[in-house]
Each structure stands twice: as C-alpha cells, then as structure tokens.
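Each chain is listed here by its residues.
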Amino acid sequence: MNTAQPLNNPSSKTVAAMFEAGTSFLLTPTMKADADAILFSAKSFAAAMLAYYISLRIGLPKPFWSIVTVYIVSQTSAGASFSRGVYRFAGTLVGALATVAIVPNFVNDPMVCSVVLAGWIGLCLFFSLLDRTPRAYAFVLAGYTASLIGFPSVLDPGGVFETASVRVQEISIGILCAVLVHRYILPKRMTGQFTGKLSTTLRDARRLAGHALRGTPGDNRRDRHQLAADLLAIQGLATHLPYDPAPTPPRRTLQLIHDRLARLLWLAADIEDRIEALRLSDGDAQGKLIALVGDVGAWIASAEQDDREVGATQLMAQARSIQRRFGLDATTPGDRLAANLAGHLAEMVGLLQDCDRLERTIAATGRLGDAASLHGPKRAKGYVYHRDPWMAGRTALGAITGILIGCAFWIWSAWPEGGMAVSILGVCCTLFGNFDAPVPFVVKYLVGSIYGVFVSLIYSFVILPQVTDFWVLVAVLAPAFLLAGSLQARLPTTFMALGITLTIPILSALGPYYTGDFATSLNSVIALFAAVGFGAVNMSLFQTVPVDGAINRLLRLSRRDVRRRALGAAPNETRWASLMIDRTALLLPRLRLTGNAYPDVLDDVLRHLRIGHVTGQLRRTIPRNKGEVGGELREILSVIAKHFRGRKSSTTTGLLDLDLQIETLIGKVAGSVLRNRLQIVDLLIDLRFALGSQTYGRSTTDDR
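Cut-offs applied
Residues numbered from 1 in each chain as written. Predicted model: local features only at pLDDT ≥ 70, side-chain atom pairs only at ≥ 80, totals over all residues. Heavy atoms only, no water. Helix = DSSP H or I, 4+ residues; strand = E, 2+ residues; numbered from the N terminus. Buried < 20%, exposed > 50% of the residue type's maximum accessible area, 1.4 Å probe, protein only. Contact = heavy atoms within 4.5 Å. Areas by Shrake-Rupley, 256 points an atom, 1.4 Å probe, with all protein chains shown as cover. Salt bridge = Lys/Arg side-chain N within 4 Å of Asp/Glu carboxyl O. Core = buried A, V, L, I, M, F, W, Y, C linked by side-chain atoms within 4.5 Å. Patch = residues over 30% accessible without salt bridge, like charges linked within 9 Å, V, L, I, M, F, W, Y side chains within 5 Å. Phe/Tyr/Trp six-rings, centres within 6.5 Å; stacked < 30°, edge-to-face > 60°. Lys NZ or Arg CZ within 6 Å of the ring centre and 35° of its normal. Expected span 1.5 Å × (residues − 1). Bend = angle between axes of the 7 residues up to and from the residue. Polar contact = N/O pair within 3.5 Å; in protein donor to acceptor, adjacent residues only side chain to side chain. Axes fitted to C-alpha atoms, helices over the stretch in contact; angles between N-to-C directions. Parallel < 35°, antiparallel > 145°, perpendicular 65-115°, else oblique. Left-handed = near helix turned anticlockwise from the far one by under 90°. Nonpolar A, V, L, I, M, F, W, Y, C, P; charged D, E, K, R; others polar.

## Topic: the overall build of the protein chain
Across its full length, the protein chain carries 25 helices and 0 strands. Looking at the protein chain residue by residue over its 704 residues, the buried ones come to 52%. Pairs at least 24 apart in sequence give 78% of the contacts found in the protein chain among residues at least 6 apart. Of the roughly 31,100 Å² of accessible surface on the protein chain, 62% is carried by carbon and sulfur atoms.

The structure is reproduced here in structure tokens:
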C-alpha cells in the first residue's frame, strides 16, 4: 500500500509556504546587504592574510603595510577594487619618487624640507579635488604616501630611498592580493549594478516626461531632482566599468544615453510651461495640441517596447506636421506657441525612443550598432563635472597650513614621535579633504581608532606573545578583522571600520617576529590621537566649507556662466547642460542639510540652465542677422548679461522687464523674410518662458 501523501495535501502546502517565506526573507534588502557585507569581509581578510604571508616569506621588514593596503583598496565590487588598486599603485609610486627627490635635496634644513613636502601634499590634494573622478584617488595617494614616508625621514634622510622602495613593495603586494581575490573569488560585478541603475534611471525619465504632460509641478520638481542625482550616480558607476571582469558597453553608448537624459531634464520643464500656457489660449491649435499631448502621455505609459517603437514614429510625424502647419503660417501668438510645443513634443518622443533603443542595445550585444537610426545628436558629449579651482585651492592651502603648524611644533619641541604624528596629520588632511565638512568623518575615524587601539593592546600584550604559528595567528586575528570588515562594507560605518582595520596592524606591529614594547606602543598611540585630534581642529578651521557658502558659491558660478553665454563666451554648448545638471546634483545633498532654508534654489538653477542654453543659441544666430534684428538680439542678450553680472539676481522680476521687448521682436521676426526666422522665433519663445513669462499665447490682444 502506497502511503506517500499527495503533493497538494495541507502539510505539503505548509512546507512550501514556509520555504517560500524563508526564501523571501533571505532575499530582503537587509539580508542581502548583510550577506554582501559578510562576503566582502571574508574576501578582504583572506586577501590581507595572503598579502601578509607573501610579505613575510620574501622578508619585507614591515609586512603590516600589506594588510593596511588590502583594506584601503578593497571595495564591494570587483571593478571598483581593480580601479582603486591601479590608482593606488600609481599614486604610491609617484609619491615615493617625489619623496626620494625632495628629502635628500633639503637634508640640511628640516623646516624647509617640511615646507616642500607640505607643498607637494597640498598640490596633490588640489588636483584630486579638481578631478572628481576615481582617478582622484591617485592624487590622494601621491600626497599621503609622501607624508607617510617623508616626514619620518626628515630627521633621518639617509634611509629614505630604502624606506620608499620597501614601502612600494609592501603596498604593491597588498594591491595585487586585494585585486586578485575580489576579482576571481565570487566576484560582485559592477556591470549588473550599473545596468540595474540605468534601468531605474530610464524609468525615472519616463515618469518625469509623463508628469510634465499632466502638469503636476510638485511631482515634476521631485522627478527633476531625482534624475539629476541618477545621472551623477550612473557616471560614478560607469567610471569603474572598464575594470570590471564582465563585458561592458562602449563608452560612446553611455555618453549618448547621458546626453539624451540631460536634454530631457530641462525639456520637460519647457513642455510643462507651454502646456500651462496652452490652457490659457484658445483657437484651432489648442484642440490639436491637447489631443497630441494625450497621445504622447499614453505612449509614455505604454509598457510594451514594440508598441512604443511603432507609436514613436507616428507621434513624431504627427507632431512635426502640427509644427509645420502652425509655424509656417503663424498669424497669432497662439499659433506660434502651438508650433513651438509640437516641436518640443517631437523631440521628447525622439529622446525617449533613443534611450529605449540604446538600452536594448546594451542588453543584447553591448555594441552601439547603427547610430544613424537615432533621432537625437549623433555626436556623444557625455558627463561634464563642475570643477572649482578656487575652492580646491582654498582646501589645499588649509591642509598646507595645518601640516606646517604641526611640523613647526614637532621640530621646535624635538618630539621623538613628531614625524609619525605629522605623517598621520598629512594623511588625514588629504584623505578627508574632499568633504565640505570633514570633521564628522574624522570623528568617526577617531572613534574607530579608539576601538582599534584597545584591540591592538590586547593583541600585543595578551594574545600575540602566545602565538608561534602563522595559522594560529590567522585564527586569532580573524574575529577582529572579520567584524571590522563587515562594518567597512556598510556606508554609515565605513570610516569607523577603517579606523579599526588600519590601526590594528600598525600598533600591533605585525612584523616578522614579535616586538611588543609597551612604551613604544604608548608613544605611538599618543602620536595617533594627537595627530587625528589636531587634524580635526585644523580642518574645522581651514578646510571646512559652510553649507550656506557652498550653495551660494554654486549659484554665483551658475549666474556667472549665464552671463558668459549671453556674451558668447564659455562654457560652450556641448558642456552647458551637463555642467548645470552636475551642479544640481551637488546642491541636492547640501540642501538636505539646510532643511527649507533655500526652497527655490534648484528651480533657480534649472532656470539658469534654460536661460543659458537659449542665450547661447541666440548668440550664435547674430552673425547671420546683422541688420535690425541682429541689433535687437544683441541688445536683449546684453541686458541679460548685465542682469547676471551681480552676486544675486532674480530671474522672475528684473528679467520680466524684457518680456514686451522680446514679444515685439517675435512679431517682427515672424513677419520678416529671414531664412532662419522660424528658428529665431522658436528660440525667442523659449527665452520668454525661461525668463518666467506665463502669459504667452493668451488671445486677449491682436498679433503684436
């Protein structure tokens, strides 16, 4: 008799439900993050012990630097670990060479040698702040490698070459082990993370377009902010893709996607303004445009890619037809508004369709294929970073000042551990110099260092004297490093964990043999805390940028660049939109710190973007219109440039005085025989809306 129970009985269903619930629990974001952190910690510890073992076997005097390097280089993805390793090696090599060149040449004057070393560290910090890509890590390493090697050698320059040579070897071994382990043992690929973020960004872009058509200002504002942050995040991930073990999409494909999303971010604002103005107008154009807007909204909401591909072609043809009909024979402001809106709708559909095609290309082959099928510009521009030499120089000068104060105290007091303290100070000034307010991060590192000191003392004087075998050493080190490694994988505790993982190997003196000395350890601890504590004070005085100052600085630069574009100067058209989007992304985290103190700042930046774009294009049309029209265009742009010359401006008050002049010029150009009159009319309409006009298209007056 068969006693097996059927699969659909209650107990089987219960087991299946329990299994499904357990699987769902393990796949929750929290559990996944915990699993990723544990895996990262285990791999980092394995790489650290491998580097330590190799350093011991080949007889390096301070193999603990290999352990330290592993934890500095290790990142949660294989691509980021590889790129960080490459840049660390390059920076370490350059920093070591610079130290060997500096210290022996100023051997007779320790203070002058300290000044030159501090200047080198400040210069490296300056270039790292200007770069703003993962390459900046190479500049950081070139600076603080010189600090670690140079300052302890200032009073003993004879061994600087050997110290630099050995340090490069120790660090190179750590880099090699970290890269190999993270790349080939259960690698977490950056490509999957990137494609997931890209899909999310494209969904955000379609949502932005849909909200613009529906005219929901609150949703549109949030969507624009989210898309700006997404573009910065995608760029950050994309810079690591060439180092990822998985096949990656071509750089040009990613640049083309970025260019379209950047254009869409402010095109959506243009469309939203025109739809609002359309509701205030009447005439034959209104009905056709409302129908077209509805069709585009339905197309955006469509989930099927095949339907969107076919529908896009039809919608673009329909929009271009309306644009030609009401543009060529425009007799009223409402007709011109209809042609302008139809052209923008056609462009938006084309941009979204291009993004769909490029995303499918990445998913299918990774190659671009036929770029001629794209509707937008074929020339890729890509992301443009905001760089501020003045702020970078201010931060670098603050670091130099703090380091020189430390050097003066060390040399004046003849403190035996002063060289070590100043070297740690230099590391702090460079490692945390890229934050507006570095002190909170230094404090986290200091808290981690306190934990690391206590653990180091326990290891040095309780545990390590009993260890006589390498594998026993690995076993006793595992608990501390595995816990600290899992904390390092979590963003809120990264700096605290670094304080632990960097302190234990150095203070425990994990060398070829046991060298426990309580007096030496105590002096090192005092030097560590003195350096980090003074570093926090120095950075609060000389390297901290108040959040209000950072926000106002970005706004001043944006207004300055609007003025430059109105006058025909830099930044040029290929950089403008991306530069302003990057500034928006930089403003977002700073504005969160201020609460509601700056409620309209992001809207002002978007308005600056739109005004700068239109004024730049209008400036390019002036050489082809040298008569009366060209003179009036030049006068309008001069007024805009004058308005943005001051430290503060209001784009919704003073610039509205131009509204009547622009509207009069629109009528004059529309009735002229200029070959590019339709282009100029479109740009002038764009300028009116960018300046804040909400009255365009009302039929309360005749054609003016």
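Here the narrative resumes.
## A few points about the pattern of salt bridges
Applying the stated criterion across every chain, the model contains 26 salt bridges. The partner of E347 in a salt bridge is R263, and the shortest N-O contact between them spans 2.6 Å. Of this pair, E347 sits in helix α13 (residues 333-364) while R263 sits in helix α10 (residues 251-279), and the two are 84 residues apart along the sequence. The salt bridge involving R590 is made with D436; its shortest N-O contact spans 2.6 Å. Of this pair, R590 sits in helix α21 (residues 573-594) while D436 is found in the loop between α15 (418-431) and α16 (439-463), placing the two residues 154 residues apart along the sequence. Among the charged side chains, a network of salt bridges with common partners joins D270, D273, R274, R610 and D686.

## Points about the nonpolar core
Core analysis: the largest hydrophobic core is formed by 105 residues, its most contacted members being L213, L289, L345 and M348. Per-element tally for this core: the top contributor is α10, with 15 residues. The contact partners of L289, leaving out residues within four places of it in the chain, are L278, I322, A338, L341, A342 and L345. Grouped together as the second largest cluster of nonpolar side chains are 87 residues, F45, L125, I171 and Y243 included.

## Comments concerning the side chain of S521
Secondary-structure assignment places S521 in helix α19 (residues 518-543). Not counting chain neighbours up to four residues away, the residues in contact with S521 comprise L457, F461 and L507.

## What about the environment of I271?
Structurally, the position occupied by I271 is in helix α10. By relative accessible area, which is 0% here, I271 ends up buried. With 72 residues separating them in the primary sequence, I271 and G343 have C-alpha atoms 9.9 Å apart. In contact with I271, not counting residues within four places along its chain, are L213, L341, H344, L345 and M348.

## Here we look at a nonpolar patch on the surface
Taken together, the side chains of L39, L176, L180, Y184, I185 and L186 make up a nonpolar region of the molecular surface, amounting to roughly 600 Å² of accessible area. Among the elements that make up the nonpolar patch, the one with the highest residue count is helix α7 (residues 160-184) (3 residues). Along the chain, the position of L180 falls in helix α7.

## A word on the packing of aromatic side chains
One pass over the structure, following the stated rule, counts 18 aromatic pairs. For the pair F435 and F441, a centre-to-centre distance of 4.0 Å together with 20° between the ring planes defines the contact as stacked. For F435, a relative accessible area of 22% corresponds to the partly exposed category. Connected via pairs of aromatic rings, a cluster forms that spans F432, F435, F441, Y445 and F495. Of note, R263 hangs over the ring of W266, and the distance from its end group to the ring centre comes to 4.1 Å.

## A few points about the side chain of H211
Relative to the helices and strands, H211 resides in helix α8 (residues 190-214). Among the residues examined, H211 registers a relative accessible area of 11% and is labelled buried. When residues no more than four places from it in sequence are discounted, the contact partners of H211 are T216, D219, N220 and D223.

## Some words on helix α17 (residues 470-488)
Taking 1.5 Å as the rise per residue, α17 with 19 residues should run 27 Å; its terminal C-alpha atoms sit 25 Å apart, in good agreement. The largest bend along α17 measures about 45° and falls at A478, with the proline P479 one to four residues further on. Among the residues of α17, those classed as buried are F470, L473, V474, L477, A478, A480, F481, A484, G485, S486 and Q488. With a side-chain oxygen lying 2.9 Å from the backbone nitrogen of W471, the N-terminal cap of α17 falls on D469.

## What to know about the packing of helix α14 (residues 389-413) against α19
Where α14 meets α19, the closest approach of the two axes is 9 Å, and the angle between their N-to-C directions is 140°. Classed by the angle they form, the pair α14 and α19 counts as oblique. For the crossing formed where α14 meets α19, the hand is right-handed. When α14 is examined against α19, the residues R394, T395, G398, A399, T401, G402, I405 and G406 are found in contact with a partner set consisting of F534, N538, F542 and Q543. Counted by class, the contact of α14 with α19 contains 4 nonpolar, 7 polar and 1 charged residues.

## As for unusual backbone geometry
Its identity as a non-glycine residue notwithstanding, R132 has a phi of 60°, on the positive side. Along the chain, the position of R132 falls in the loop between α5 (110-131) and α6 (136-153). Looking at R132, the relative accessible area reads 25%, which means it is partly exposed. Phi at A509 takes a positive value of approximately 50°, unusual for a residue other than glycine. Taking relative accessible area as the criterion, A509 reaches 27% and is therefore assigned partly exposed.

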